[in-house]
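Overview (structure and organization)
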Amino acid sequence: MKKIFALVGTVILLAVTGSAAFAREGYKLWLRYERVSNLQRLREYRESISAFLVEGNSPTMNAAKHELRLGLRSMLGEGISETDKLNRSGVLVVGRYGTSSLLSRLDLHSKVEKVGSEGFVILSGSIQGKKVIAITGNTDIGVLYGVFRFLMMMEQDKDIANLDVVSYPRIRLRMLDHWDNLNGTVERGYAGFSIWDWHTLPIYIKPRYIDYARANAAIGINGTVLNNVNADPRILTHHYLVKVAALADVFRPYGIKVYLCANFDAPILLGELKTANPLDKQVQKWWDDKAKEIYSLIPDFGGFLVKANSEGQPGPSDYGLTQADGANLLARALKPYEGIVMWRAFVYTYNAKDRAKQAYNIFKPLDGKFDDNVLLQIKNGPLDFQPREPFSPLFGAMPKTNLIMEFQITMEYLGQGTSTVFLAPLFRETLNSDTYAKGKGSTVAKVIDGKLDGNTLTGMAGVSNIGADRDWTGNIFGQSSWYAFGRLAWNPNLTSKEIADEWIRMTFSNKRDVVDPVDGMMLQSRENVVNYMDPLGLNMIFGYNNHYGPGPWVDFSPHPDWNSTYYHRADSAGIGFDRTSTGSDAVSQYFPPVADSLASLKTCPDRLLLWFHHVPWNYRLKTDNTLWDQMCYDYQAGVDSVREMQKTWNSLKGKIDNEEWNNERMLLEIQEHEAVWWRNACLLYFQTFSKMPFPEGIGKPDHTLKYYESLNFPNAPGTW
Ligand code: BDP
């Protein structure tokens, strides 16, 4: 009997504590809607909102209703009622401006006018003598965005007494690019398999698809490319298109359009034609017919993303034609349906003198040659998503072409799934960079939001870090970079700190003793990785192919520019890639003041030094340290700061969800090992050239260089 009681007791205890132990697992992202714990705040919120009234019955308005039910009741308690009459104060009135008779009584016109087709207004006011909070916009999706923003403000413990929020996106296409393969793997994915279950679609709609749409709409993402840029042509077959259509149906109420990566050789690879030549009438007809078929299934299909003539992918150069010829072929097929083409500028051949110059050389002469429904999609830097790159010189150099920025949210080159890195500072660094294209103040942000050249078809794409892991991103901090991407695509002027603050509050806690330390950790996190992987402008020194861990010795690839040695060029005289006029002259691709400043050893910032210069080992930097000593100090600083992150994190035990705390504790332990590994391997390797001793304070490597060189990881994730 006693035993049975004990057993029952355990079960009850598990049931009660279970919610604490398994409470979160990060699944809810920024839509946790936890009960407001600050009692004063709870009282204020309940005074302002006792009921909500949503006008309109479209799927989008119903999504808004659903969100309000969920959010308000879970944050404020079940007492919050849904009403269709304004019969008291404290009603949250939600509806489209112009169609709502209640909202037309508020003087909102001048505000609503500003917010365009996706923005919103949130305002405290009074209607018929009753105090209300109004959420409105010109369209249903604007209203839904406003609802999300309002709920998220409450999650962030914001004062809602006197609201006057006018918000609209500065960038038109705010896209997540999934590098998901049809077999369920994810190229450069570190959070498990793909979230798209192609096998069970179109019938089985996973709740996760809806939660994906909710989370993305909450941060203003309005497009998703479902498949890998290394595109399997079969995505364009009817078999898959009906599955794509099912996802499009799920996402539509949330304002998210679907896009697909198209393989340029699809007409050949699907066995239908012998050529994919853009000048061939049959090829043109093939794409026209394909577009017709797609739009018959998905009337608001967004368009294609294309990787052509890059890393083995087919493209127009195969027929001696330009990249613009290729892009325009697809653009013309989509044009009747208002579809667009995002054509990637990530094009290079393997044997160039300087790969970093290629995209500019190929695309700059094509400025003005692309159709008006094409956007050129440019990676943030001239190479390939390195921990630090200068901005791509194409920004500012293509005034007659629509451009879309491509950032990588998945951290292929920043520690992959095991590292804690908040990417907003990296995104900001690119956006803040001044191209000087039209004089001082011509920042990349202004190129991208269209202000500089007056473009209206603008965009920002992020290569997604989402997978089927319970917490979506493998490491909960991965969520912060997804969040940051969405927020910056909405408003590229937000600061990293503002974004970090919002995210921490919605993810962990509103308490200062959590927000402040986590904030400090996040804002420093990207620089930590740069320090222990690629200080002083180093880049591309990763493990071969899987890009996991250090590999500065890699020199065995048949493609010269897949070798680390191509990039760092270490020798007995020094290290770094001379991109000045004595070398590849890549500096000349920038506008004069930028080019001059980068070209001079004196003015080139230390953080980009080895990107642009081959520098003697004993050269004295601005810190007065020799290059070699500084390199050692930077690697060590990277390790030290990961240890600092561990200390900070340890101090948070008990202040945040225990399971999330413990997961991150373990990941930081892995990161610390990786940082030490990077420092040891890189310094031992570069020392074979510098022949200089480690200065004092540098941790002693616990293995030989040979040992580090012998490590290999055939099953590292993300390489398929
Ligand atoms: C590289 C990745 C590769 C991608 C490529 C791309 O290693 O997996 O296919 O970028 O952007 O960095 O196309």
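Residues numbered from 1 in each chain as written. Predicted model: local features only at pLDDT ≥ 70, side-chain atom pairs only at ≥ 80, totals over all residues. Heavy atoms only, no water.

**A closer look at the overall build of the chain**
On a plain count of helices and strands, the chain comes out with 22 helices and 16 strands. Taken over C-alpha atoms, the radius of gyration comes to 27 Å for the chain, in line with the 27 Å a tight globule of 720 residues would show. Principal-axis analysis of the C-alpha atoms places the extent of the chain at approximately 80 × 75 × 60 Å. Taking contacts inside the chain between residues at least 6 apart in sequence as the whole, the part at least 24 apart equals 72%. Here the chain holds 77 positive side-chain charges and 79 negative ones, and the gap between their average locations is 4 Å. (Helix = DSSP H or I, 4+ residues; strand = E, 2+ residues; numbered from the N terminus. Rg over C-alpha atoms; globule rule 2.2 N^0.38 Å. Contact = heavy atoms within 4.5 Å. Lys, Arg positive; Asp, Glu negative; His and termini not counted. Charge placed at Lys NZ, Arg CZ, Asp CG, Glu CD.)

**Details of the site of the ligand**
Near the ligand, the surroundings consist of 14 residues, among which Glu187, Lys307, Lys379, Asp384 and Glu412 are the closest. Glu187 is positioned such that a nitrogen or oxygen atom in its side chain is 2.4 Å from an oxygen atom of the ligand. Contact with the protein chains removes 96% of the 320 Å² of surface that the ligand exposes when unbound. (Near = heavy atom within 4 Å. Polar contact = N/O pair within 3.5 Å; in protein donor to acceptor, adjacent residues only side chain to side chain. Areas by Shrake-Rupley, 256 points an atom, 1.4 Å probe, with all protein chains shown as cover.)

**With respect to the sheet that holds strand E8 (residues 223-225)**
Read around the barrel, eight strands follow the order E7-E8-E9-E10-E11-E12-E13-E14 and close on themselves; strand pairing throughout is parallel. Direction aside, the axes of adjacent strands within the sheet are offset by 25° on average. Relative to strand E11 (residues 340-344), strand E10 (residues 303-306) runs parallel, the two sharing four bridges. Across the sheet, the residue bridging to Gly303 is Ile340, located in E11. (Pairing = 2+ DSSP bridges. Axes fitted to C-alpha atoms, helices over the stretch in contact; angles between N-to-C directions.)

**A word on the sheet that holds strand E5 (residues 130-137)**
Neighbouring strands of a sheet are bound in pairs by backbone hydrogen bonds; such pairs are parallel or else antiparallel. Sheet architecture is open: six strands sit in the order E2-E1-E3-E5-E4-E6, paired in mixed fashion. Sheet topology places strand E2 (81-82) and strand E6 (164-167) at the edges, where each strand pairs with a single neighbour. Of the pairings in the sheet, the one linking strand E1 (residues 51-54) to E2 comprises two bridges and is parallel in character. Within E2, the residue paired with Phe52 across the bridge is Glu82.

**Describing helix H15 (residues 496-507)**
Between its first and last C-alpha, H15 extends 16 Å over twelve residues, near the 16 Å set by a 1.5 Å rise per residue. Most of H15 is tucked away, with ten of its twelve residues classed as buried. Looking only at H15, the buried set comprises Ser496, Ile499, Ala500, Asp501, Glu502, Trp503, Ile504, Arg505, Met506 and Thr507. (Expected span 1.5 Å × (residues − 1). Buried < 20%, exposed > 50% of the residue type's maximum accessible area, 1.4 Å probe, protein only.)

**As for the pairing of E1**
Look at any regular strand and the pattern is simple: side chains alternate between the two faces of the sheet. Of the two faces of E1, the one holding Ala51 and Leu53 and the one holding Phe52 and Val54 are both buried throughout. Of the strand pairs in this sheet, E1 and strand E3 (residues 91-96) are connected by four bridges, and their pairing is parallel. Its bridge partner lying in E3, Phe52 is registered against Leu92. You can see the chain leave E1, run along helix H3 (residues 59-76) and come back into E2, and the turn it takes is right-handed. (Right-handed = clockwise from strand over helix to strand, strands pointing away.)

**A look at the pattern of salt bridges**
In total, this model carries 40 salt bridges according to the counting rule given. The partner of Lys655 in a salt bridge is Asp513, and the shortest N-O contact between them spans 3.6 Å. In this pair, Lys655 sits in the loop between helix H20 (627-650) and helix H21 (658-690) while Asp513 sits in helix H16 (residues 512-533), placing the two residues 142 residues apart along the sequence. On the accessibility criterion, Lys655 (38% relative accessible area) is partly exposed. Overall, Asp513 belongs to the partly exposed group, its relative accessible area being 39%. Because the salt bridges share partners, they merge into one network encompassing Arg388, Glu429, Arg526 and Glu527. (Salt bridge = Lys/Arg side-chain N within 4 Å of Asp/Glu carboxyl O.)

**Focus on unusual backbone geometry**
Looking along the chain, the bond that leaves Leu201 and enters Pro202 is cis, with omega of 5°. Relative to the helices and strands, Pro202 is located in the loop between strand E7 (173-177) and helix H6 (207-218). Here the phi dihedral of Met540 falls at roughly 60°; this positive angle occurs in a residue that is not glycine. Tracing the sequence through the fold places Met540 in the loop between H16 and helix H17 (564-568). The buried category is assigned to Met540, whose relative accessible area is 12%. Of note, the phi angle at Arg569 is positive, near 55°, even though the residue is not glycine. In this structure, Arg569 sits in the loop between H17 and strand E15 (574-575).

**Looking at the environment of Leu163**
By the element assignment, Leu163 lies in the loop between helix H5 (140-155) and E6. When its relative accessible area of 5% is taken as the criterion, Leu163 is described as buried. Sequence separation of Leu163 and Thr565 is 402 residues, and the distance between their C-alpha atoms is 57 Å.

**Describing the pairing of strand E12 (residues 374-379)**
Here E12 lies mainly inside the structure; six of its six residues are buried. Bridging between E11 and E12 involves four bridges; their strand directions are parallel. Residue pairing for E12: Met342 is matched across the bridge by Leu375. Sheet topology places E12 next to strand E13 (residues 402-408); five bridges connect them, and they run parallel. Paired with Lys379 across the bridge in E13 is Glu406.

**A word on a nonpolar patch on the surface**
Where nonpolar side chains cluster on the molecular surface, the patch consists of Tyr544, Phe556 and Trp562 and spans about 300 Å² of accessible area. Structurally, Trp562 is set in the loop between H16 and H17. For Trp562, a relative accessible area of 32% gives the class partly exposed. (Patch = residues over 30% accessible without salt bridge, like charges linked within 9 Å, V, L, I, M, F, W, Y side chains within 5 Å.)

**Overview of helix H18 (residues 592-599)**
Taken together, the buried positions of H18 are occupied by Val594, Ala595 and Leu598. Along H18, the residues classed as buried sweep out an arc of 100° about the axis, all on the same side. Within H18, the exposed residues directed more than 90 degrees away from the buried face are Pro592 and Asp596. The inward-facing, buried residues of H18 contact helix H19 (609-612). (Arc of directions from axis to C-beta.)

**Examining the packing of H15 against H16**
A pair of packed helices is captured by two measures, namely the crossing angle of their axes and the spacing between those axes. Between H15 and H16, the shortest axis-to-axis distance is 9 Å and the interhelical angle comes to 135°. By the angle between their axes, H15 is oblique relative to H16. Between H15 and H16 lies a crossing of right-handed hand. For the pair H15 and H16, contact is made by Ser496, Lys497, Ala500, Asp501, Trp503, Ile504 and Arg505 and by Arg512, Val514, Val515, Val518, Asp519, Met522 and Leu523, respectively. (Parallel < 35°, antiparallel > 145°, perpendicular 65-115°, else oblique. Left-handed = near helix turned anticlockwise from the far one by under 90°.)

**Some details on the nonpolar core**
One finds Trp30, Phe251, Trp287, Phe304, Trp343, Met631 and Phe686 to be the most contacted residues of the largest nonpolar core, which totals 228 residues. Sort the elements by how many residues they give to this core and H21 lands first, with twelve residues. If we ignore the near neighbours within four places in the chain, the residues touching Phe251 are Trp196, Tyr209, Tyr212, Ala213, Thr224, Leu226, Ile256 and Val258. Formed by 17 residues, the second largest nonpolar core is a distinct cluster that contains Leu53, Val93, Leu103 and Ile127. (Core = buried A, V, L, I, M, F, W, Y, C linked by side-chain atoms within 4.5 Å.)

**Description of the packing of aromatic side chains**
Any pair of aromatic rings gets described here by the distance separating the centres and the angle formed by the planes. Counted under the stated rule, the structure contains 45 aromatic pairs. Measuring from centroid to centroid gives 6.2 Å for Trp553 and Tyr685, while their planes differ by 70°, and the two rings are edge-to-face. Remark: Tyr685 occurs in helix H21 and Trp553 occurs in the loop between H16 and H17; sequence separation between them is 132 residues. Both residues of the pair, Trp553 and Tyr685, belong to the buried class. Ring centres of Tyr685 and Phe689 lie 5.3 Å apart, and the angle between their planes is 75°; on these two criteria the pair is classed as edge-to-face. Remark: Phe689 and Tyr685 occur in helix H21; sequence separation between them is four residues, near one turn of the helix. Residue classification places Phe689 among the partly exposed residues on the basis of a relative accessible area of 22%. Within the aromatic cluster, the residues linked to one another by ring pairs are Trp286, Trp287, Tyr295, Phe301, Phe304 and Tyr337. A cation over an aromatic ring shows up here: Arg170 above the ring of Tyr168, its NZ or CZ 4.4 Å from the ring centre. Of note, Arg579 hangs over the ring of Phe577, and the distance from its end group to the ring centre comes to 3.8 Å. (Phe/Tyr/Trp six-rings, centres within 6.5 Å; stacked < 30°, edge-to-face > 60°. Lys NZ or Arg CZ within 6 Å of the ring centre and 35° of its normal.)

Distances and angles like these do not, on their own, reveal function.
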